[in-house]
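Geometric and topological summary
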Amino acid sequence: MVKQGQRIQDLVGLIHRLYAPELAEDWDNVGLQVGDPGRALDRVMVALDPGLEAVEAARDAGAQALVTHHPLLFKPVKRLTPDDAVGKVLWAAVRDDVAIISAHTNLDCAVDGLNSWLAQKMGVEQAVPLQAVAGDYLKLVVFVPVGHEDAVADALFSAGGGQIGAYDQCSFRSSGEGTFRPGPGTQPYIGTVGQREKAEEVRLETIIPKRKLLRVLEKMQKAHPYEEVSYDLLPLQNQVPGAGLGRIGRLAQQASLGEFAARVKESLGCDHLRLIGADQMPVRKVALCGGSGAFLLQTAHRQGADVLVTGDVKYHEARQAEELGIALIDAGHFATEQLMIEQVTQSLQAAARQLNWGVAFEAYTGEEDPFRFY
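Residues numbered from 1 in each chain as written. Predicted model: local features only at pLDDT ≥ 70, side-chain atom pairs only at ≥ 80, totals over all residues. Heavy atoms only, no water.

**Points about unusual backbone geometry**
Worth spelling out the cut-off: To qualify as a helix, a DSSP run of H or I must reach at least 4 residues; to qualify as a strand, a run of E must reach at least 2; elements of each kind are numbered from the N terminus.
One non-glycine residue with positive phi stands out, namely Q126, at about 55°. Within the fold, Q126 resides in strand β5 (residues 124-128).

Next comes the structure, spelled out in structure tokens:
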């Protein structure tokens, strides 16, 4: 049965579940950029850039939300007028009631995200992150009387705790004996005021994203039978399994740089490529990063890559590649990222279908690479 009554905030939550904001760079701005979280939702458009034409296309299609890769807002807005590039889009989005939601570097780093799709597109197998990322997580340890551990665990999981990569409802439990003495004015679940009490308890541990901390604690308090809940919060620096910037992997068969460059050009639909390296140079191990990823050149070289595929390569980065002896393929920012439009559309469709949402998703097809070459 199809569920009705979805809202913008539900879509934001779904995007965050697929592409966790904890994976985003500190300088980035992801999530809801413009719009009313409580507005009803039945149609969504997906685009690469939050341009005026994309907002107008979403409006004309009857979409209440536009999901983009590049954020509209990076810097504080000092005024809202239609006289500048960002203000013009903001003005139109507010006027036409089209919410704008960004999934940027969190989409780049996600396990099933832009760089994974880019690797698949170019035939790079066994791809793993080129540069791992640490998630912004906490370990929650709470002590629960025996018999209530499942109810408390369910509450933690429902609030977003216990997610590790593609696994959810993850926890660890150990048994022990707790002691406490209820003070004056308390109403203890077990025990007597003024007397020390012993209780068989379960130590329940799970992982939670920092951004969900308050919601998790609220749910935990409601599900826990104790008047005063004993719990610990421990900061974690764990790497997120399978997530990170870029990808590195191998081709099924070795190719020359010229042959591989032709494959990249065809698979990404590029009008042109910029190439650093000799055409006959052998290529087997491939590093890649959608968008502007030349900053990963040293990392790719240290990990034995024969070539790095990315966009926006600068002159001095090309010279550095020559000195290191690693090839560079600049396929352009647009060409290495535009595949996210169709992929994100399909991913959101599939996730919404599992949730029985009555929401339609549509890919915006009006974008082109801003560069022309003669």
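**Examining the sheet that holds strand β10 (residues 231-236)**
What counts, and what does not: Here, strands pair whenever DSSP counts at least two bridges between them. Axes, fitted as lines to C-alpha atoms, cover a helix only where it is in contact. Angles between the N-to-C directions of the axes lie from 0 to 180 degrees. We call two residues in contact when some of their heavy atoms are within 4.5 Å.
A sheet is described by the order of its strands in space; here 4 strands give the open sequence β8-β9-β7-β10, paired in antiparallel fashion. Pairing within the sheet leaves two strands with one partner each, and these edge strands are β8 (172-180) and β10. Each adjacent strand pair in this sheet contributes to an overall mean axis angle of 30°, direction not counted. As paired elements, β8 and strand β9 (residues 197-209) share 9 bridges and run antiparallel to each other. By the bridge assignment for β9, S175 is matched with V202. With respect to the sheet, helix α6 (residues 149-158) is in contact with β7 (137-145), β8 and β9, its orientation differing from that of β9 by roughly 20°. Across the face of the sheet, helix α7 (residues 213-223) comes into contact with β7, β9 and β10 while running at roughly 5° to β7.

**Re the nonpolar core**
The condition that has to hold: Here, the term nonpolar core denotes a set of buried Ala, Val, Leu, Ile, Met, Phe, Trp, Tyr and Cys residues that are joined through side-chain atoms within 4.5 Å. Partly exposed describes any residue whose relative accessible area lies between the buried limit of under 20% and the exposed limit of over 50%, with all areas from a 1.4 Å probe on protein chains only and scaled to the type maximum.
Ranked by size, the top nonpolar core spans 78 residues in total, and within it L11, V67, F260, M340 and V344 carry the most contacts. V34, A63, A92 and Y364 belong to the second largest nonpolar core, which has 18 residues in total.

**Focus on the pattern of salt bridges**
The condition is simple: Salt bridge, as applied in this entry: a Lys or Arg side-chain nitrogen positioned within 4 Å of an Asp or Glu carboxyl oxygen.
If you walk through the whole model with that rule in mind, you get 14 salt bridges. Note that D136 and K210 form a salt bridge whose closest N and O atoms lie 3.3 Å from each other. Here D136, found in the loop between β6 (131-134) and β7, pairs with K210, found in the loop between β9 and α7; they are 74 residues apart in sequence, far enough to count as distant. Of the charged contacts, one joins R319 and E322 as a salt bridge, the two residues approaching to 2.8 Å between their closest N and O atoms. Linking R319 with E322, this pair stays in helix α10 (residues 315-324), spanning 3 residues, or about one helical turn.

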